[in-house]
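If you want the building blocks of each chain, they are given just below.
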Amino acid sequence: MSHQHHAKHGASTHAHLGQLKKGDHATVTGLNTAHNPEQQAIKTRLLELGFAPGEQIRVVAESFPNRDPMAVRVGNSTFALRRLEAAMIQIMHADVQAA
């Protein structure tokens with residue numbers, strides 16, 4: 001049997017911020033398409049907070065026991081995001097960027 005690597009390379013991998021754990025770094029690559037007014041409001045808020053393509057982000061804390069919400073640093077600010085909100089933010093893991 002061959003070993004499969006957990007990290008996938010290529011355009012078919014769609015990672016989002018909600019998948020990250022405390023200490024993880026990433027770069028924002030975009031935001032998901034909003035399918036209803038609530039999602040559009042969340043998307044607008046995330047952009048206003050600075051979660052724009054190209055921004056470096058880092059997960060600095062996670063709530064116990066369910067890891068929700070999570071504290072995310074973008075620029076010089078730290079924000080608490082629900083996992084549902086974080087799942088709208090498309091990212092590229094820091095360890096994949098150099099590949």
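Residue positions are given per chain, counted from 1 along the sequence in the order it is written. Totals for whole chains, interfaces and linings use every residue, but because this is a predicted model, local features are given only for residues with pLDDT of at least 70 and side-chain atom pairs only at 80 or more, for both listing and counting. Side-chain measures here rest on the full set of heavy atoms in the structure, leaving out hydrogens and waters.

Quick look at the environment of isoleucine 91
Move 1: With respect to the helices and strands, isoleucine 91 occurs in strand 6 (residues 89–93).
Move 2: Sequence separation between isoleucine 91 and leucine 31 is 60 residues; the distance between their C-alpha atoms is 8.7 Å.
Move 3: Throughout, a contact is declared for two residues whenever any of their heavy atoms are within 4.5 Å. Aside from chain neighbours lying at most four places away, what touches isoleucine 91 is Ala15, His16, Leu17, Leu20, Ala26, Thr27, Val28, Thr29 and Ile57. Elements are defined by DSSP. Helices are runs of H or I of four residues or more, strands are runs of E of two residues or more, and each kind is numbered from the N terminus.

Quick look at the pairing of strand 4 (residues 70–74)
Move 1: Relative accessibility thresholds used throughout: buried, under 20% of the residue-type maximum; exposed, over 50%; partly exposed, between the two (1.4 Å probe, protein chains only). With four of five residues buried, strand 4 is to be regarded as a mostly interior element.
Move 2: At least two DSSP bridges between two strands are required for those strands to pair. Looking at chain direction, strand 3 (residues 56–62) and strand 4 are connected through five bridges and run antiparallel. Of the residues in strand 4, the one forming a bridge with alanine 61 is alanine 71.
Move 3: Where strand 4 lies against strand 5 (residues 77–81), five bridges are found, and the strand directions are antiparallel. Within strand 5, the position partnered with arginine 73 by the bridge is threonine 78.
Move 4: Where strand 4 folds back on strand 5, the antiparallel hairpin that results is connected by two residues, among which glycine 75 adopts a positive phi of roughly 65°.

Describing the environment of leucine 31
Move 1: Mapping leucine 31 onto the fold places it in strand 2 (residues 25–31).
Move 2: When its relative accessible area of 15% is taken as the criterion, leucine 31 is described as buried.
Move 3: Through-space distance from the C-alpha of leucine 31 to that of methionine 88 is 5.6 Å; in sequence the pair is 57 residues apart.
Move 4: Excluding its chain neighbours within four sequence positions, the residues that come into contact with leucine 31 are Lys43, Leu46, Leu47, Phe51, Met88, Ile89 and Gln90.

Observations concerning unusual backbone geometry
Move 1: Here the residue pair phenylalanine 64 and proline 65 is connected by a cis peptide bond, since its omega of 10° sits within 30 degrees of zero.
Move 2: Position of proline 65 among the secondary structure elements: in the loop between strand 3 and strand 4.
Move 3: Proline 69 follows aspartate 68 through a cis peptide bond whose omega is 5°.
Move 4: Looking at where proline 69 falls in the secondary structure, it is placed in the loop between strand 3 and strand 4.
Move 5: Positive phi values are uncommon outside glycine, yet arginine 67 reaches one of about 65°.
Move 6: Mapping arginine 67 onto the fold places it in the loop between strand 3 and strand 4.

So yeah, pure geometry; function would need other evidence.
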